[in-house]
Amino acid sequence: MTPDSPNSSDPASTEVAFRPLAITSATLDLIVFGMISSLFGPLLVTLAHRFNLSLPAAGVVLSVYFVGAFFGVPIGWFAMKHFTGATVLSATLLITAVGACGVALSTKWPLFLASVLLLGLGFGGVDFSLISLLVRTRSSGRGRRLSVTNAGYGLGAVIGPLLVVIVRPHNYRLLYVAIAIAIVVLTFGNRGLIAPPLTVEHRRSELVVNRAQRRSILGTFIVAYVLYVATETTTAGWIAPHLHRIGYSVSIGSIVTAGFWLGLALGRVLAGPVSRRQSDHRVVLGGLTTAAVLCVLALVTGAAPYVYPLVGLSIALVYPMALIWYATLCPHDDDGVALLILCMMAGGVIGPAVESLMVSSFGIHVVPVVLASFAALTLVAFASALRFSPPSPRAD
């Protein structure tokens, strides 16, 4: 039996197996989606010129992408209960490929936005499906598989802005054609995935969690994660436009955006060592406090290019460590985690939309102020979870 083979003695957590080809393909999937998600920011100025729009109007593309992702999560959730994992992944990847082709070929803004919506739909479906499948693999090595694949997203997010510099922004269509081809090729890697429909009951908690308290905890973390995703996506999307409008070149904006994602990726590599030395809530609250201060420093024109990568580093551990925090308060709450993933996508819609509105009203210099405000609100939301205590062991 290989390390990733199913084990009948623990069906609830080991019914999925990723063969080497499949785990490689899953990692490459997330690299591609990291690239897709990180392209919009560096391309905002180009898109505004291309479709004769104002910069805030072009910024709507970020919200549209996450509207698609928001609806992609429940679609993936439903599909995983009725179809094999390989089928769901292949279908959502093909939806993404269609969206990428549409982005490359669109000459009208509404058609471009419809194609971006398809890209987001594919992202939401793939993101939820992969997390669900990886969590259902054998416990031995599960953490390694999750770490390796999710590191792919950060790597792709670094590569995306750099490709914009290499290919040149006005040639963005070539990037999306290449993405579409790559995604179609990657569907063949799903042949190595053994994942029946999700029909096995979730493991019940061995700890007592009051239902009312569980609802309060879940509600608190949903609000906090929506704000966190708003902070992350808005920062990534508006770095390049902000730097360009205050005097830096488009290439510098793309490179600094890549630096932001690199900081995020490097920070998440540290999740394991940091979690052994610091409590989850201290890491989350400390990172957000640092991010809020750094965003204020981005108001200084000469400091902005150096500050943004540090913002990525400071918030890198918020996402994984806050999930550990939630799991401590509500052990084995698989449905709660799924609901968190679904709701947090709303942050990708709300954040860029608010930033676009503020920029249109007060100008480009308001960008760091909005980012600092989002980081501060996220800090307050997560800090409010300090009122909860982990459940006590069930009495025999």
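Above: the structure in question.
Bear in mind the structure is a predicted one, so any value in this text is a computation, not a measurement. (Residues numbered from 1 in each chain as written. Predicted model: local features only at pLDDT ≥ 70, side-chain atom pairs only at ≥ 80, totals over all residues. Heavy atoms only, no water.)

Undergrad: Mind laying out the environment of Ile-166, listing which residues take part and the relevant values?
TA: Along the chain, the position of Ile-166 falls in helix 7 (residues 142-167). A relative accessible area of 63% means that Ile-166 is categorised as exposed. On a C-alpha basis, the gap between Ile-166 and Ser-251 in space is 9.1 Å, while along the polypeptide they are 85 residues apart. (Helix = DSSP H or I, 4+ residues; strand = E, 2+ residues; numbered from the N terminus. Buried < 20%, exposed > 50% of the residue type's maximum accessible area, 1.4 Å probe, protein only.)

Undergrad: With reference to specific residues and values, describe helix 8 (residues 172-186).
TA: Spanning 15 residues, helix 8 covers 21 Å between terminal C-alpha atoms, matching the ideal 21 Å at 1.5 Å per step. Every buried residue belonging to helix 8 is among Tyr-172, Leu-175, Tyr-176, Ile-179, Ala-180, Ile-183 and Leu-186, and all of these are buried. Projected down its long axis, helix 8 shows its buried positions confined to an angular sector of 140°, all on one face. Residues of helix 8 that are exposed and point more than 90 degrees away from the buried face comprise Leu-174, Ile-181 and Val-185. (Expected span 1.5 Å × (residues − 1). Arc of directions from axis to C-beta.)

Undergrad: I'd like a rundown of the packing of helix 9 (residues 211-245) against helix 14 (residues 318-329), residues and numbers included.
TA: Direction vectors running N to C along helix 9 and helix 14 enclose 175°, while the axes themselves pass 11 Å from each other. Taken together, the axis directions place helix 9 and helix 14 in an arrangement best described as roughly antiparallel. Along the contact surface, helix 9 presents Arg-214, Ile-217, Leu-218, Phe-221, Tyr-225 and Tyr-228, while helix 14 presents Val-318, Tyr-319, Ala-322, Leu-323, Trp-325, Tyr-326 and Leu-329. Across the contact of helix 9 with helix 14, the residue classes break down as twelve nonpolar, no polar and one charged. (Axes fitted to C-alpha atoms, helices over the stretch in contact; angles between N-to-C directions. Parallel < 35°, antiparallel > 145°, perpendicular 65-115°, else oblique. Contact = heavy atoms within 4.5 Å. Nonpolar A, V, L, I, M, F, W, Y, C, P; charged D, E, K, R; others polar.)

Undergrad: Before we move on, could you go through helix 16 (residues 367-383) and cite the residues and values that matter?
TA: When the terminal C-alpha atoms of helix 16 are compared, their 24 Å separation across 17 residues agrees well with the 24 Å that a helix rising 1.5 Å per residue should span. For helix 16, the complete set of buried residues consists of Val-367, Pro-368, Val-370, Leu-371, Ala-372, Phe-374, Ala-375, Thr-378, Ala-381 and Phe-382.

Undergrad: So what's going on with the side chain of Ser-129? Residues and values would help.
TA: Mapped onto the elements, Ser-129 comes out in helix 6 (residues 109-135). Sequence-distant contacts of Ser-129, defined by excluding residues within four places in its chain, comprise Gly-76, Met-80, Val-88 and Leu-89.

Undergrad: Describe unusual backbone geometry, naming the residues involved and giving the relevant values.
TA: Phi is positive for Asn-52, which is not a glycine, with a value near 55°. As for its position among the elements, Asn-52 is in the loop between helix 2 (20-50) and helix 3 (55-58). The exposure class of Asn-52 is exposed, given its relative accessible area of 72%. Positive phi, normally seen in glycine, also occurs at Arg-168, with a value near 85°. The topology assignment puts Arg-168 in the loop between helix 7 and helix 8. Judged by its relative accessible area of 42%, Arg-168 is partly exposed.

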